[in-house]
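Read off the chains here:
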Amino acid sequence: MGRYVIRRLLQFIPTVLGTMFLLHYITSLAIQFSGNPVRAIFGDRTPPPALLAAVTERLGYGDPCLDQKGNPCFGLFLDRMQKIFSLNPDFGVNLRLRPVTELVSDALPYTLKLLVIAILFQSIVGIAAGVWAGLRSGSFADNLVKISTVFLISVPIFVLGLVVREFVGVKFGNVLRGQEWIPEVISRGVFSPGFKPDYPLASLIIPGMVLGAVSLATTARLTRTSIMENLRADYVRTARAKGLANKRVIGVHTLRNSLIPVITFIGVDIGSSMAGAVVTETIFNVPGIGRLVTLAARTGESSVVIGVVTMLVLVVLIANLLVDILYAVLDPRIRYE
Amino acid sequence: MSDLTSAGTAIGGAPVGGDGPAPETPETGGKDHNASLWADARRQLVRDPVFMLSFLYVLVVGSMAAFPSLWTSQDPRACSTDRSRIPPSGDHPFGFDILGCDYYSHAIYGARPSMIIAIMATGAMVLIGGGLGLLAGYYGGWVDTIISRVMDIFLSLPFLLGAIVFLTVIKRQNPYTIAMVLFLLTWPVIARIIRGSVISGKDLDYVQAARAVGAGNGRLMFRHILPNAIAPMLVYATIVLGAFVAAEATLTFLGVGLQPPAQSWGIMISVHQVYFLEDPWLLLFPCGLLVGTVLSFILMGDALRDALDPKFR
Amino acid sequence: MSTDVNVKMDAIPGLDPNAMPLQVKDLHVEFRTRNGIAHAVNGVSFDLQPGETRAILGESGCGKSVTAQAIMGILDTPPGFVTGGEILYRGVDLLKLPEAQRRKVRANKIAMIFQDALSALNPVFTVGFQLGELFRKHRGMSRKDAKARSIELLDLVKIPAARQRVNEYPHQFSGGMRQRVMIAMALALDPEVLIADEPTTALDVTVQAQIMALLAELQRERNMSLVLITHDMGVVADVADRISVMYAGRVIEEAPVNDIYASPAHPYTKGLLESIPRLDLKGQELSAIKGLPPVLTNIPRGCAFNPRCRYAQDVCRHDPPVPLYQVSSARTAACHFWKEVKGDE
């Protein structure tokens, strides 16, 4: 186990550096081909050259390599890496010189809550539906889960979010708000069309469920196929031959094995959930990291976008590493490879 | 990228790499087998109503993108604000949008950018991603190590986040840059599938036999190994087309994709989202078209996989 | 699970301690698949005396493993269904027993060893957990006691350093050691009948001999009855008392082991024997049975073996050899021409 963890850690370092460099290179390329991104902030106005130069320098776009098309800007990359992996991590500043780390730490609690709601929703409902369908291959339940998950997967998350916001948050919410006997936490919190600072948790429930919906479908499908495969496994037959009760054959011998890939998926999926949070937070107006990215992208504040995305990518990479280790804990075959 | 990854896992978790259809084997008379596999698959697909309906839908959307004038004689840019948000009627089945433009013709012309982006990105992915996967799988050794490491790195960058950064910085948000970033961040998906099936294909006896009678690397790769990998690639490319249509709309919605006055379903949705309560059709028509397209591609991919994978017979 | 504790097997109505430990009568099993109904077992009968070893011999797909699974009650249903016959344990028809009672027969009275121990053992639990589970669920032991018993069992099947290995996972064992774990698991609750389904097929030849020797030794010590399912005539000769040869879901010949080797009474058995390489016939061409076993969804009319049989005549193509011909007091054969087969040396 120890050796496995060490090997994973050693593989982790080049992956982090590689991913960071990839991110750095595609931004550098974009800058090299489209010119100084600072201009976008001024819109149609032409800023005085001195101001432009000052802002450019301040946001970290002053390096001359950014004017040479195709230059990988290794110097700039090393510089950034040193700033990021220091005791006082520096992911850049916004126009008003607030560090990105500060912007993110303000927004983080909302995003974390949203993610926790999404993952809980996705795992509980997804696994339950998958087990329900997987144990009854070919039945009505199985077909219901199979068909509804395809539909759920085909709906882009922003379409789902918009429709839910308008139908559930606004229309259905208005009905509830017209009824006096319904507590306000429900009518104005849970069923609000967007985030409400007065109900910081309640008003995140529906956005969280939207965020978890697509992964829920995948979780359910994965659980379903995994259960169906494992039910045919020889060791499940052995468990029956041992005279164990059906409850134990399914609950211990089938489920344990079937859930290994599902748990791995849910872990890896944290990455795409973070990306999904960008969409969900924008739709439901949640002041989290995702909306920070969208607002900065819309106003052309690229330094914030780069800084926040770099942080998110690091989080995703660490999450993936933890999932790998968790995988080894769950499946002894990996541990002793 | 939630859309792409979930579409991939939707077809049963791992990509279908490695268990593609029976390979083409001229030496052992396997050519007949291969031909019958594709013929069988075609027969099964023609009888599959889900596949045929999806295929029909994709044909309709494709013809909208290729020949919009077949579907509408209206000019989507002929607008007049006094017709703003008039509900659907006989002459104007989708009504008018906020600027008073004919919404139906907007929807028809809106198919083109999505389809062009999806086709360009998927084409590049199949050619370049497929080529790199072929090289990695065929040569193995250090070529494989390098390509695989690079693939890992590209895959660990969440697609949507990478695309947002790139498109924010580049500022030129046209179909070409969007297609490029879609391709750039997702090519390893196809490369992995091809690599997997090439590795499993290259040790098969008939490939060894062809090598023994002196077939060169090029001939081995293209005549003997690649045909083995085409079926899983076809399945995945179909699903990816749907995922890319969704991705384009998502990026546009976030404000980093296509910008008005360009016409696309994503723009239609994002511009009119606030009018949902008064005029829901403004949102429901483009959403319906979009979801239908994505769904059709995914269902087609599913049906293709079932038809091409001998395990499901 | 408290119901499992202190099971009184005598509580099963009709149990007769003097009856045979296992008797299978006219068993029929079919698989309902998309491509039609596969008749996997078509009227198999045999019985088992205490301490006896009965070999069931046949090619893969002849229904021998399905018979074993039907006896254990672990057929995959659907697609597999027992459609007729009786499986008697000490006079009680297991097929008529409610599932809760039938479950208590498994492992307690009739236990099974599977062919491929690697896939038959659960990869994510330690060997100790999988052995101990039997004591905990059937005997109500504590985890600690169950572990102690598990170590004793591993010692019994001669696994070195049992105390350490009990905490290891199946994939950490070698093939032979894994099969010993399987045997330990089957013997845990002192069953009266052991069904071994190709217990040595997945192993190296030298290890095969060790495992068979171990099985024989344990069987003798405990006076267990053994049903040995195999396709290997070599294995059978050393250990079996009686042999049932199966073909296309039927027992086509049944006899004491020596009689079969001396003078087979069915052309299929004869073909099997002739296909074994023999030192004394060195230099001669090895004969094989021509053709392939029938597809179970489409078993030939008449005698199922007739398309491959060199003795076949018109009667074989129309009339199945039912009932079996009595060759001698202890032998039966399903061949219209058993006399010719037996006499034709």
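Residues numbered from 1 in each chain as written. Chains lettered and ligands numbered in written order. Predicted model: local features only at pLDDT ≥ 70, side-chain atom pairs only at ≥ 80, totals over all residues.

Colleague: So what about the sheet that holds strand β12 (residues 331-333) of chain C? Which residues, and what values?
Modeller: Residue and element names in this part refer to chain C. Taken in spatial order, the eight strands of this open sheet run β6-β7-β8-β3-β9-β10-β12-β11, and their pairing is mixed. Among the strands making up the open sheet, the edge pair consists of β6 (110-113) and β11 (325-328). Averaged over all neighbouring strand pairs, the angle between strand axes comes to 20°, with direction disregarded. Each of β3 (53-57), β6, β7 (193-197), β8 (225-230) and β9 (242-247) touches helix α1 (residues 64-72); the most contacted strand, β7, lies at about 145° to it. (Pairing = 2+ DSSP bridges. Helix = DSSP H or I, 4+ residues; strand = E, 2+ residues; numbered from the N terminus. Axes fitted to C-alpha atoms, helices over the stretch in contact; angles between N-to-C directions. Contact = placed C-beta atoms within 7 Å.)

Colleague: How would you explain the confidence of the model for chain B if you had to name every residue and give the values?
Modeller: Summarising the model, chain B shows a mean pLDDT of 78, and 83% of its residues fall at 70 or more. Every residue in residues 1-32 of chain B is under pLDDT 50, and counting partners more than four places away or in other chains gives 103 contacts. (pLDDT = per-residue confidence, 0-100.)

Colleague: Give me unusual backbone geometry: which residues, what numbers.
Modeller: Of note in the backbone geometry, A:Cys73 takes a positive phi value of approximately 55° without being a glycine. Along the chain, A:Cys73 turns up in the loop between α3 (49-58) and α4 (74-84). Take A:Cys73: there are 23 C-beta atoms within 10 Å of it, and that puts it in the buried class. The phi dihedral of C:Arg90 falls on the positive side, at around 45°, and the residue is not glycine. If you trace the backbone, C:Arg90 turns up in the loop between β4 (80-89) and β5 (92-93). A count of 21 C-beta atoms within 10 Å places C:Arg90 in the buried class. (Buried ≥ 20, exposed ≤ 12 C-beta atoms within 10 Å, placed from the backbone.)

Colleague: Which residues make up the domain arrangement of chain B, and what values go with them?
Modeller: Residues and elements named next belong to chain B. Along its sequence, chain B is carved into domain 1 (40-110 + 263-313) and domain 2 (111-259). The gap between the C-alpha centroids of domain 1 and domain 2 is 26 Å. Domain 1 puts 24 residues into the contact, and the matching count from domain 2 is 21 residues. Of all the secondary structure elements, the ones that give two or more residues to the side of domain 1 that touches domain 2 are α3 (49-66), α5 (103-139), α11 (265-272) and α12 (281-308). Broken down by element, the side of domain 1 that touches domain 2 gets its largest block of residues, 10 residues, from α12. Broken down by class, the residue content of the side of domain 1 that touches domain 2 amounts to 16 nonpolar, seven polar and one charged. (Domains from an automatic or database assignment. Nonpolar A, V, L, I, M, F, W, Y, C, P; charged D, E, K, R; others polar.)

Colleague: Break down the UniProt feature "domain: ABC transporter" (unreviewed entry) in chain C for me, citing the residues and quoting the values.
Modeller: Within this numbering scheme, the UniProt entry marks residues 22-273 of chain C as carrying the feature "domain: ABC transporter" (unreviewed entry). Split by type, residues 22-273 of chain C is 40% helix and 28% strand. Its first and last C-alpha atoms lie 28 Å apart. (UniProt positions renumbered as here; feature names shortened; annotations may be inferred.)

Colleague: An account of the nonpolar core is needed here, citing residue identities and associated values.
Modeller: A:Val293, A:Val305, A:Val309, B:Ile164, B:Leu182, B:Ile190 and B:Phe244 are the most contacted members of the largest nonpolar core, which totals 171 residues. The leading source of residues in this core is helix α10 (residues 217-254) of chain B, at 22 residues. Sequence-distant contacts of B:Leu182, that is, excluding residues within four places in its chain, are made with B:Ile117, B:Ala121, B:Phe244 and B:Ala247. By size, the runner-up hydrophobic cluster in this structure holds 101 residues, among which are A:Leu244, C:Ala184, C:Val227 and C:Ala304. (Core = buried A, V, L, I, M, F, W, Y, C linked by C-beta atoms within 7 Å.)

Colleague: Account for the confidence of the model for chain C, with residues named and values stated.
Modeller: Residue and element names in this part refer to chain C. Counting all residues, the mean pLDDT for chain C is 81, and 93% of those residues have values of 70 or more. Counted against residues more than four places away or in other chains, residues 1-9, with its pLDDT under 50, gives 12 contacts. Two summary scores accompany this predicted model of the complex, namely pTM at 0.80 and ipTM at 0.83.

Colleague: Requested: an account of the environment of C:Glu221, with residues and values cited.
Modeller: Residues and elements named next belong to chain C. Within the fold, Glu 221 resides in helix α8 (residues 205-222). A tally of 10 C-beta atoms within 10 Å means that Glu 221 is categorised as exposed. Placed 170 residues apart in sequence, Glu 221 and Gly 51 show a C-alpha to C-alpha distance of 9.7 Å.

Colleague: Describe the interface of chain B and chain A, and please don't skip the residues or the numbers.
Modeller: Counting residues at the interface gives 47 residues for chain B and 57 residues for chain A. Looking at the side of chain B that touches chain A, the elements that each hand over two or more residues are α1 (2-10), α6 (141-155), α7 (159-170), α10 and α12 of chain B. Considering every element that reaches the side of chain B that touches chain A, the biggest residue donor is α7(B), with 10 residues. Grouping the constituent residues of the side of chain B that touches chain A by class yields 31 nonpolar, 12 polar and four charged.

Colleague: Got a sec to walk through the arrangement of the chains? Specific residues and values, please.
Modeller: Counting contacts across all two pairs of chains that touch, the top-ranked interface belongs to chains A and B. There is a clear gap between chain B and chain C: no contact, and 10 Å between their nearest C-alpha atoms.

Colleague: Kindly report on the packing of helix α1 (residues 2-34) of chain A against α6(B), identifying the contributing residues and their values.
Modeller: Working note: a packed helix pair is described by the angle between its axes plus the distance between those axes. Orientation of α1(A) relative to α6(B), taken along the N-to-C sense of each, is 65°, at an axis distance of 9 Å. For the element pair α1(A) / α6(B), the angle class is roughly perpendicular. Between α1(A) and α6(B) the crossing geometry is right-handed. Residue-level contacts link A:Thr15, A:Gly18, A:Thr19 and A:Leu22 of α1(A) to B:Asp152, B:Ile153 and B:Phe154 of α6(B). Of the residues in the contact of α1(A) with α6(B), the class split is three nonpolar, three polar and one charged. (Parallel < 35°, antiparallel > 145°, perpendicular 65-115°, else oblique. Left-handed = near helix turned anticlockwise from the far one by under 90°.)

Colleague: Got a sec to walk through the UniProt feature "domain: ABC transmembrane type-1" (unreviewed entry) in chain B? Specific residues and values, please.
Modeller: Within the UniProt annotation, "domain: ABC transmembrane type-1" (unreviewed entry) is assigned to residues 111-301 of chain B. Regarding residues 111-301 of chain B, the helix share stands at 83% and the strand share at 0%, and the terminal C-alpha atoms are separated by 20 Å.

Colleague: Which residues make up the UniProt feature "transmembrane region" (unreviewed entry) in chain B, and what values go with them?
Modeller: Mapped onto this structure's residue numbering, the UniProt feature "transmembrane region" (unreviewed entry) falls at residues 50-71, 115-138, 150-170, 176-194, 229-256 and 281-304 of chain B. Overall, residues 150-170 of chain B shows 86% helix and 0% strand. The separation of its end C-alpha atoms is 23 Å.

Colleague: Explain the interface of chain C and chain A residue by residue, including any values.
Modeller: Note: interface size is frequently given as the accessible area lost on complex formation between the parts. Facing the 24 residues of chain C at the interface are 19 residues of chain A. Among the elements of the structure, α2 (99-105), α3 (117-120) and α4 (127-139) of chain C are those that each provide at least two residues to the side of chain C that touches chain A. Element by element, the count of residues in the side of chain C that touches chain A is highest for α4(C), at four residues. Of the residues assigned to the side of chain C that touches chain A, the class counts are 12 nonpolar, six polar and six charged.

Colleague: Which residues make up the pairing of β7(C), and what are the values?
Modeller: All names here are of chain C. Counting buried positions along β7 yields five of five residues, so the element is predominantly enclosed. Of the two faces of β7, the one carrying Val 193, Ile 195 and Asp 197 and the one carrying Leu 194 and Ala 196 are both buried. Relative to β7, β6 is paired through four bridges, and the arrangement is parallel. Residue pairing in the sheet places Met 112 in a bridge with Ile 195 of β7. Relative to β8, β7 runs parallel, the two being bridged by five bridges. Paired with Asp 197 across the two strands is Ile 229, which belongs to β8.

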